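Descriptive analysis of the structure
Now for the letters of each chain:
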Amino acid sequence: MMYDLIIIGAGPGGIALAAEAYASGINQSQILVLEKGATHNSAIRQLYPDQKLTTANYKGFEARCEGLLCVEDMTKSETIEFFNKVIGDYQINIQFNAGVFAMRAVDQEGGARFRVESSNGTYESKVLAVAIGIFGRPNKPKDYRLLPSLKERLLFDMTSYPIQNEDVLVVGGGDTAAEYVQYLKQQLNRVTLSYRQAQFSRLSKQNHDALFAMEERREVEILRGSNIKQVEDEAGRPSVVFNEPEFPTRKFDRVIYALGGTTPTNFLRTLGIAFNDQGPIFDEAGATNVTGLYLIGDLVVGKKGGSIITAFNSAVHAMKRICGRDLPCNSTRRSVQT
């Protein structure tokens, strides 16, 4: 099966690129989105509690919408409904439960540049865009082993298990950690935050003020400058041992890690993408050294993280380059009211 454009990942960036491609005159039958999950925007569904706002400019990023799609701060359900409407309006073809396990560049008659092997079948395309998020591969502690016996107690999100009226340790010092603390307190949990640094330098002003206000009200205990040495299994509960003597060993019902995500390096290297010390190399359009191969969304904003709007804009930049170099597009853009 041959397509003009294959997009891997049905998050904000992938969906936006499919919409931009349709509006640029590419036939919707020639656009395919492959998504490993059963639904689109799995990171938003998994990482965001129902009551939490999905912010358009996450972490305080100020970004102006440059293309077809634009959002304001919305609830989780409103965000999902927005993308449902975009998918319908722009007739986006998404193959769900299509985990990609191999990608490679090919050179053959018919103009195919890429072959993508997935759990749903093998596809070929002239242009390939990788729009997978970094949150699907969370960073894990490097200094100690996570015991399999505690797999239901050592978590990387807040939605895998209901957490209410428990003693919870959140590990991390960024916005995600601060937001976890706020939500967990609302669910009547007793919350402790462990951060290896003495000062919080990566928080948005909103989360900084909220976290420190909670500390003043004694709604959260913050262990500044704390480093976990190991987590032991004590009668089925995590017993956390710290390196610093001022922090005694403590038992918790759950430990939730908010250590960020990592770029799926090996996944991208199989395509021949060049890397440097910062990660994959790409230009302002997300174009890589491999002709016709683009990176979208989280993959192009780096470790600092991005937002829904920056993901939308990355799709706009990529589509402009694709139309100028890789695929024939109509000069008159088609638009759908969303």
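These figures come from a predicted structure and were not determined experimentally. (Residues numbered from 1 in each chain as written. Predicted model: local features only at pLDDT ≥ 70, side-chain atom pairs only at ≥ 80, totals over all residues. Heavy atoms only, no water.)

**Topic: the nonpolar core**
With 41 residues, the main nonpolar core has Ile7, Leu17 and Ile92 as its most contacted residues. Residue assignment for this core shows that the elements contributing at least two residues are strand 1 (2-8), helix 1 (12-23), strand 2 (31-34), helix 3 (76-89), strand 8 (121-130) and helix 7 (308-325). With residues up to four places along the chain from it excluded, the contact list for Ile7 reads Gly14, Leu17, Ala18, Ile31, Leu32, Val33, Leu34, Ala129 and Ala131. Leu47, Leu155, Val220 and Ile222 belong to the second largest nonpolar core, which has 24 residues in total. (Core = buried A, V, L, I, M, F, W, Y, C linked by side-chain atoms within 4.5 Å. Buried < 20%, exposed > 50% of the residue type's maximum accessible area, 1.4 Å probe, protein only. Helix = DSSP H or I, 4+ residues; strand = E, 2+ residues; numbered from the N terminus. Contact = heavy atoms within 4.5 Å.)

**With respect to the packing of aromatic side chains**
Applying the stated criterion to the full structure yields nine aromatic pairs. Measuring from ring centre to ring centre gives 5.4 Å for Phe156 and Tyr257, while their planes differ by 25°; the resulting arrangement is stacked. Taken together, the residues span a long stretch of sequence, with Phe156 in the loop between strand 9 (154-155) and strand 10 (167-171) and Tyr257 in strand 16 (residues 254-257) at a distance of 101 residues. Accessibility assignment for this pair places Phe156 and Tyr257 in one class, buried. (Phe/Tyr/Trp six-rings, centres within 6.5 Å; stacked < 30°, edge-to-face > 60°.)

**What to know about helix 7**
Given a rise of 1.5 Å per residue, 18 residues ought to cover 26 Å, and the 26 Å separating the end C-alpha atoms of helix 7 matches this to within 8%. Here helix 7 has its buried residues at Ile308, Ile309, Thr310, Ala311, Phe312, Asn313, Ser314, Ala315, Val316, Ala318, Met319 and Ile322. Next to the buried residues of helix 7 lie helix 1, helix 2 (42-47), strand 3 (53-54), helix 3, strand 8 and strand 19 (293-295). (Expected span 1.5 Å × (residues − 1).)

**As for the sheet that holds strand 13 (residues 228-234)**
Ordered in space as 13-14-15, the three strands form an open sheet in which the pairing is antiparallel. Lying at the two open borders of the sheet, with one neighbouring strand each, are strand 13 and strand 15 (250-251). The pairing of strand 13 with strand 14 (residues 237-242) spans six bridges and is antiparallel. Bridge assignment links Asp233 to a residue of strand 14, and that residue is Pro238. (Pairing = 2+ DSSP bridges.)

**So, the pattern of salt bridges**
Summed over all chains, the structure comprises 16 salt bridges. Notably, a salt bridge pairs Glu234 with Lys251, separated by 3.5 Å at the nearest N-O pair. With Glu234 in strand 13 and Lys251 in strand 15, the pair connects residues that are 17 residues apart, well separated along the chain. By relative accessible area, which is 37% here, Glu234 ends up partly exposed. A residue is classified by how much of its surface remains accessible, and Lys251, at 39% relative accessible area, is partly exposed. Taken together, the salt bridges that share partners define one network made up of Arg113, Arg325 and Asp326. (Salt bridge = Lys/Arg side-chain N within 4 Å of Asp/Glu carboxyl O.)

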